Amino acid sequence: MTAFIQSLLGYDIKGGKSTPEGGVLGHVKAYFGCVEAQGRGSLHCHMVIWLQGGISPDDIRHRIVSGDTQFGSRLLAFLDDTISTDIPSAPPTPAPTSIVTSSNPCRHRGPDMDALPADVLSVARAWDLHRLATSCQLHQHRKTCFKYCKPGEPKVCRFDLDPENVQLCSTFDEATGEICLQCLDGMVNNFNRTILEAMRCNMDIQFIGSGEGAKAITYYITNYITKTQLKTHVAYAALELAVRRLGEYNDDHVSEQLGSRPDEDSYTTYAKSMLRRCAYAILTHQELSAQQVASYLMGYTDCYTNATFANLYWPSMERYVEQLHPSPDFLNSDSDLINPCDADDDDDDDDDDAYPEPEAEDITVTVDEQGKLVPSSSQVCDYIYRGRKYDNICIWDFVSQLQK
């Protein structure tokens, strides 16, 4: 993945910027990729790439609807050149002897760029690309394609691949501003020729432009990046184990755990500890493939990005707002209004255990990148006493853009 980012995308990871010559897609501004394991265990990456000079979907739509034909023509030419939607034809010249045609092309390196003469190299690359696209990008319907189809309904491929899905040229809908890209073969996954030649594996490339298509792609990518790897049956089995252990609960056992005869607060503490055990049981029963284990042991990451992120501890924010503007449920409770910066916070929500934040009344000391000591406290206090200079900044921007 590092070689892909540096060599094909043309992004200097150490320098934190695109290389002067750029990559196969242009000059990259930002990227975010998440590694996922398939059901059979093999690893693959879903990545979103932002290009320098790219404009928002709303701006694209506005310029198209306003009649900027020159912009529209240049955008469609770029997309048609970047995204291929059909299998390249086999050259009329026989394949050179250096091209292995007896097995899957993904198992072999491509033509040697330095060893072959220019005329032979062009033919070798054409044959190699034809065989790669046929092997990796040409879809064949299987049972899994129709697993969401109900009995009696027409079978529709869940990947939206069908021989009839053909559009000869890319167009704009001038009324809605939606981009309709060409599709020369309805059974071919979109691909980039250079990336396919270099990576030698199945790929799919989509342009997130404007309209309903862009919304669908954005939802699909977000769903893939954020979905959990934990299978439902594994989670239920882990919960059953934790509940069975919880059934062994008795007063003597609680007393042994707490060191004395428990009062009502001690029972609450013990219940919280059992909930944590349930969570730990779920986490420890996750299924990992051999490829995932090997990847972790070799120190490879499961997330690739050039951005840095800040944690927003939302439960403490929500609790403070709830105290200032109580909801009916809060008014019916016995909670008192407290100052998050000088009061004990004993009524932590269970969500806080998942995203631990320093106690509001505590002052912790951390070290920055330069080795200097930095005092830090609750994010709520930081935002409340942020100073007049940041009066007009919301909590989201405050946490994401400012650093103590």
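Residue numbers restart at each chain and count upward from 1, following the sequence in its written direction. Only residues with pLDDT of at least 70 are given local features in this predicted model, and only at 80 or more are side-chain atom pairs given and counted; all residues enter the totals for whole chains, interfaces and linings. No hydrogens and no water enter the side-chain calculation; it runs on all heavy atoms of the structure.

Quick look at the overall build of the chain
Starting at the N terminus, helices and strands are each numbered in turn, a helix being any DSSP run of H or I of at least four residues and a strand any DSSP run of E of at least two. In terms of helices and strands, the chain carries 15 helices and 9 strands. Per-residue burial over the chain gives 29% buried out of 404 residues. Residue contacts follow a heavy-atom distance rule, with two residues in contact if any of their heavy atoms lie within 4.5 Å. The long-range share in the chain, meaning contacts at least 24 apart out of those at least 6 apart in sequence, stands at 56%. On the chain, roughly 27000 Å² of surface is accessible, and the fraction owed to carbon and sulfur atoms is 53%. The buried label applies to any residue whose accessible area, calculated with a 1.4 Å probe on protein chains only, is under 20% of its type's maximum; exposed applies above 50%, and partly exposed to all values in between. Surface accessibility follows the Shrake-Rupley procedure with a 1.4 Å probe radius. Residue values consider only the protein chains on display as shielding.

Considerations on the packing of aromatic side chains
In this analysis, rings of Phe, Tyr and Trp, with Trp reduced to its six-membered ring, are considered paired at centre separations within 6.5 Å, and the interplanar angle assigns stacked below 30 degrees, edge-to-face beyond 60, and tilted for intermediate values. Taken as a whole and assessed by the stated rule, the structure comprises 3 aromatic pairs. Ring geometry for Tyr 11 versus Tyr 31: centroids 5.3 Å apart, planes at 80 degrees, classification edge-to-face. Here the residue Tyr 11 occupies a position in strand β1 (residues 11-12), and Tyr 31 occupies one in strand β3 (residues 28-37), the gap between them amounting to 20 residues. For the pair Tyr 11 and Tyr 31, one class covers both residues: buried. Judged by centre distance (6.1 Å) and plane angle (90 degrees), the rings of Phe 32 and Phe 309 are edge-to-face.

Concerning the environment of Met 199
Note that Met 199 resides in helix α5 (residues 193-199). Separated by 89 residues in the primary sequence, Met 199 and Gly 110 have C-alpha atoms spaced 9.9 Å apart. Apart from residues lying up to four places away in sequence, Met 199 is in contact with Phe 4 and Leu 8.

What about the pairing of strand β4 (residues 43-51)?
Strands were regarded as paired on the criterion that DSSP finds at least two bridges between them. As paired strands, β3 and β4 are joined by 9 bridges and run antiparallel to one another. Within β4, the residue paired with Tyr 31 across the bridge is Ile 49. Linkage of β3 to β4, two consecutive antiparallel strands, is achieved through a turn of 5 residues, within which Gly 41 is found at a positive phi near 105 degrees.

Quick look at the pattern of salt bridges
A pair is scored as a salt bridge if a Lys or Arg side-chain nitrogen falls within 4 Å of a carboxyl oxygen belonging to Asp or Glu. Inspection of the entire model under this criterion finds 3 salt bridges. Residue Arg 63 pairs with Asp 68 through a salt bridge whose shortest N-O separation is 3.0 Å. According to the relative accessible area criterion, Asp 68 is partly exposed, its value standing at 27%. Close ionic contact of Arg 125 with Glu 197 constitutes a salt bridge, the shortest N to O distance being 2.8 Å. Separated by 72 residues along the polypeptide, Arg 125 in helix α4 (residues 118-136) and Glu 197 in helix α5 bring together distant segments of the chain. For Arg 125, a relative accessible area of 33% translates into the label partly exposed.

Details of a nonpolar patch on the surface
Within this analysis, patches are made of residues with over 30% relative accessible area and no salt bridge. Like charges are joined at 9 Å or less; nonpolar side chains (Val, Leu, Ile, Met, Phe, Trp, Tyr) at 5 Å or less. Residues Leu 288, Val 293, Tyr 296, Leu 297, Met 298 and Tyr 300 make up a contiguous nonpolar surface patch of about 660 Å² in total accessible area. Relative to the assigned elements, Met 298 resides in the loop between α10 (290-297) and β7 (303-305). On the accessibility criterion, Met 298 (54% relative accessible area) is exposed.

Side note on the sheet that holds β3
Strand order in the open sheet made by the 3 strands is β4-β3-β7, with antiparallel pairing throughout. Edge positions in the sheet fall to β4 and β7, since each has one partner strand and no second. Strand-to-strand, the axes of this sheet are offset by a mean angle of 10 degrees, without reference to chain direction. Of the strand pairs in this sheet, β3 and β7 are connected by 3 bridges, and their pairing is antiparallel. Paired with Phe 32 across the strands is Thr 305, a residue of β7. Axis lines are fitted to C-alpha atoms, over the contacting stretch for helices. Their N-to-C directions set the angle, which ranges from 0 to 180 degrees.

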